Amino acid sequence: MPSCSRCWNSSCLCDQLQLGFYLCRICYGSWSSSSFHCLAVPAFRDVIDVPLVVRRTHRNRQEVRKELGIGDEVKLLIFNFGGQEASWALKEESLPPGWICLVCAASPKQEFPRNFKRLSTDVYTPDLIAASDCMLGKIGYGTVSEALAYKIPFVFVRRDYFNEEPFLRNMLEYYHGGVEMIRRDLLTGHWIPYLARALKLKPCYDAPINGGEVAASILQNTAIGKLCTSDKYSGARRLQDAIILGFQLQRIPGRDISIPEWYSHAENELGLRPMVPSKDRSGCNITGAKELDFDEFKILHGELHGLPDTVTFLKSLASLDFGFSSNEKTERHNVRERLAAAGLFNWEDAIFVARAPGRLDVMGGVADYSGSLVLQMPIREACHAAVQTSHPGKQRLWKHALARQHARGEGFLPVLQIVSFGSELSNRAPTFDMDLADFMDTDGPISYEKAHKYFAQDPSQKWAAYVAGTILVLIRELGVQFHDGISILISSGVPEGKGVSSSAALEVATMSAIAAAHGLNIAPRDLALLCQKVENHVVGAPCGVMDQMTSACGESNKLLAMVCQPAEVKEQVNIPAHLRFWGIDSGIRHSVGGADYGSVRVGTFMGRKIIKSTASALLSQSSIATTSQEYSTGVISDEPDDYDSALLEKEATLNYLSNLPPHRYESVYTKILLKEMSGQTFMDNYGSHDDPVTTIDPQRTYALKAPTAHPVYENFHVNAFAALLSAASTDEQLSALGELLYQSHYSYSKCGLGSDGTDRLVNLVQQMQHGKKNGSDDRKSTLFGAKITGGGSGGTVCVLGRNCIQSSEDIIEIQQRYKAATGHFPFIFEGSSPGSGKFGYLKIQRRFDGRSVH
């Protein structure tokens, strides 16, 4: 397996094979029986053939079919399109009589014919492939390898613009393993002829399938230096650099002691992470100012706060000032990103740096947009933004931006240029630029709707809305005028799609740095509300405000207690010394822009409108009844009415569902709320749902009762949780706190915001809590509760436990057991760091002092 320098240049597909390392799949899988690399890629200086990389089965065919309740005589088709959600219309007549189809990655809302079965999202597909008689899916390395390995005929659909497809097709043909289905027949359900042809095939691949083990052996030899030379451009040396990055990406917090010496040395050499001696409870390193000092920049304003990730970012920033000759080690990083970033700043001028962390949702979650109290912890992982302003005539522009200026013939205009490090990990473009004039119409700034359409037109650059959108919000909301060009470098350590608010960290860091560069003094709370507008209106994600508030206002090792009406910080709650919170990533990507989150929010606001309308009607009936009694008897009864008029008046004007006490919900309103309601029925009866950031689809049916009840009870749960945190340290306290987490978790599931992965993690915590560890029933519990976090539908689970070594070991065991069950090795979040308000900003200037690097 060659070293994968291509990964640094484009969105190459990578597989995590063994040892947590990343390798390119471009170099294995071909039709030749002796050589499996298929394309000549100049970036690969060395090529080592390895066998097919195939995931091993955990259970045999009989065991799988018995669990599914399917006899061996039944023909079984697995419908497998990788990470693409199966949202096609599935038809019963698509299959021959007596066949059953197992569908991977199906939408929970999708209706299935009786001969189709939905598979859970975390199912281990190799077992099912091996137990099937045929597979239908898109052609790709994984599907081809596993179909051939388990001798399963593969009915495949071609993939346009997939350069490796011809080689994979030839490989299937060579080993009698594939039948091509045209896309039209796939979509119309004309499958039977293809399945009949596939059953006549006799796949004959008998070559080794241990490519993972072979590649791991190569990695191990490279890691200990057996294959590494002093030539910085040899394949082995580049592979060692890739292993270093793999360790950086997969490192388990708190277990750096297990990293080999050669890696620590190389990582430090590359400036990925400073080597520092010790850590406090937050996970931040404890060092003196001198140990965090460096020579690259003069700090004109601000301080480092002992944060090693900030030091790492500044070192990375300083390295951009080095030339990019073929002898420089910076070629080890993504060349495209770093070349763009190297031309971004004028090094003689000041640069402004801000930092904003992600957050772990301890309690509150989706109830934030219903006005609940929430408890949020800023995590150790954070986003850094570096901003420099320049006169349009002095701004360093990329060639295409400069050409655009010349083509306009209007002289130099201010340009926004953005570089985002880490784009290769997120399959997005690493750069974005636009003329700031594009934010203006003839009569003022463009609308949010127009901006949303502008950024949504290119999916690879949609990410730029989170960054550039902060500028538009400052223009529209504060009347800020931007006359100078703006250059922005983004580097985020907050993983995307894991439900820890990577988007809020990005928005808050960016706006904080822009505000500092332009002399704007924006209070953290106000800045968070402005950033929420970016996400709601420019990005188009209907999130609440707790993410931005935590990133802006949070404090290290404290829970931000905030009442979201709209964003009132109640207090910073100290985390008791005997408690600790962790986040465990389920591997199921979370997005607040997803359908489930948005539909639940719509259902919540529909429920609020129905409660308000019901309260108004009851109030009116009560008034009529009272008046009738006065006229008929001349006296007013002093018996208490079935409904308290004063309470009904408040509920008729209810702004936040969380203000409705649970007993009032149960006694008055739960009986009038339907389980679900169509959008059309709601609009016919109640009009608008009065939510400014979501729209009702008349054709859709929305869950109503569960989303309405959730914030009513969640607000009560959060208040109880906050009160219990100050109680005496006892097992009863921990158990009660944990029970509140569990109740919150299952309430998410009732709303439709659960997922198989997060449910599995919560179940593993319960098993550890109740002593089901390696068959033991007598161990003392150290973990007490867990819940899905944020917007739900995947992402991260928050776990509560004792602050002790045993609980950390239990967390690691859960990590290992989850990987064994699902194949996903979850990232663990632990530790805390300050929000952007506490960090402030850095104003830095490049040091030369006779040590100029030019």
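Our subject in this report is the structure included herewith. Bear in mind the structure is a predicted one, so any value in this text is a computation, not a measurement. (Residues numbered from 1 in each chain as written. Predicted model: local features only at pLDDT ≥ 70, side-chain atom pairs only at ≥ 80, totals over all residues. Heavy atoms only, no water.)

Tallying secondary structure elements over the chain gives 27 helices and 25 strands in all. Classification of the 854 residues of the chain by burial places 55% in the buried group. Carbon and sulfur atoms form 50% of the exposed surface of the chain, whose accessible area is close to 35,900 Å². (Helix = DSSP H or I, 4+ residues; strand = E, 2+ residues; numbered from the N terminus. Buried < 20%, exposed > 50% of the residue type's maximum accessible area, 1.4 Å probe, protein only. Areas by Shrake-Rupley, 256 points an atom, 1.4 Å probe, with all protein chains shown as cover.)

Bridging between strand β11 (residues 373-390) and strand β17 (residues 558-563) involves four bridges; their strand directions are antiparallel. The residue bridging Val-374 from the neighbouring strand is Met-562, located in β17. Sheet analysis places β17 next to strand β18 (residues 568-574), joined by six bridges and oriented antiparallel. Pairing of Lys-558 across the sheet is with Asn-574, part of β18. (Pairing = 2+ DSSP bridges.)

The pairing of strands in a sheet happens through backbone hydrogen bonds and is either parallel or antiparallel. What the six strands build is an open sheet, ordered β5-β4-β3-β6-β7-β8; its pairing is parallel. Each end of this open sheet is capped by a strand with a single partner; those strands are β5 (116-118) and β8 (178-180). Strand-to-strand twist of the sheet, defined as the mean angle between neighbouring strand axes without regard to direction, takes the value 25°. Summarising the sheet, strand β7 (residues 154-157) and β8 pair through three bridges and their orientation is parallel. The partner of Phe-154 across the bridge, within β8, is Gly-178. (Axes fitted to C-alpha atoms, helices over the stretch in contact; angles between N-to-C directions.)

Turning next to the pattern of salt bridges. Following the criterion strictly, the structure yields 32 salt bridges and no others. Notably, a salt bridge pairs Glu-180 with Arg-169, separated by 2.7 Å at the nearest N-O pair. On the criterion of sequence distance, the pair formed by Glu-180 in strand β8 and Arg-169 in helix α4 (residues 165-174) is long-range, its members being eleven residues apart. Note on Glu-180: relative accessible area 27%, which makes it partly exposed. With a closest N to O distance of 3.1 Å, Arg-355 and Asp-309 form a salt bridge. Taken as a pair, Arg-355 in strand β10 (residues 351-363) and Asp-309 in helix α10 (residues 308-319) lie far apart in primary sequence, 46 residues in all. Its relative accessible area of 0% is what places Arg-355 among the buried residues. The exposure class of Asp-309 is partly exposed, given its relative accessible area of 24%. One salt-bridge network, held together by shared partners, links Arg-61, Arg-65, Asp-72 and Asp-133. (Salt bridge = Lys/Arg side-chain N within 4 Å of Asp/Glu carboxyl O.)

One way to see where empty space is left: roll a probe the size of a water molecule over the atoms. Considered as a void within the structure, the second largest pocket measures approximately 430 Å³ in volume. Contributing to the lining of the second largest pocket are 22 residues, with Gln-532, Pro-566, Arg-601, Tyr-656 and Pro-692 lying nearest its centre. Contributing elements (two or more residues each) for the lining of the second largest pocket: α17 (524-539) and α19 (595-633). Sort the elements by how many residues they give to the lining of the second largest pocket and α17 lands first, with six residues. Its residues assigned to classes, the lining of the second largest pocket comprises eleven nonpolar, five polar and six charged. (1 Å grid on protein atoms, 1.4 Å probe; cavity = no way out; pocket = protein on both sides within 12 Å on 5 of 7 lines; lining within 4 Å. Points joined across faces, edges and corners; volume = space filled by probe spheres on them. Nonpolar A, V, L, I, M, F, W, Y, C, P; charged D, E, K, R; others polar.)

What follows concerns the environment of Ser-744. Locating Ser-744 in the fold gives a position in helix α24 (residues 731-751). Look at Ser-744 and you get buried, because its relative accessible area is 0%. Each C-alpha atom of the pair Ser-744 and Thr-789 lies 9.3 Å from the other, and the pair is 45 residues apart in sequence. Other than its neighbours up to four places away in sequence, Ser-744 contacts Met-363, His-710, Glu-714, His-717 and Lys-787. (Contact = heavy atoms within 4.5 Å.)

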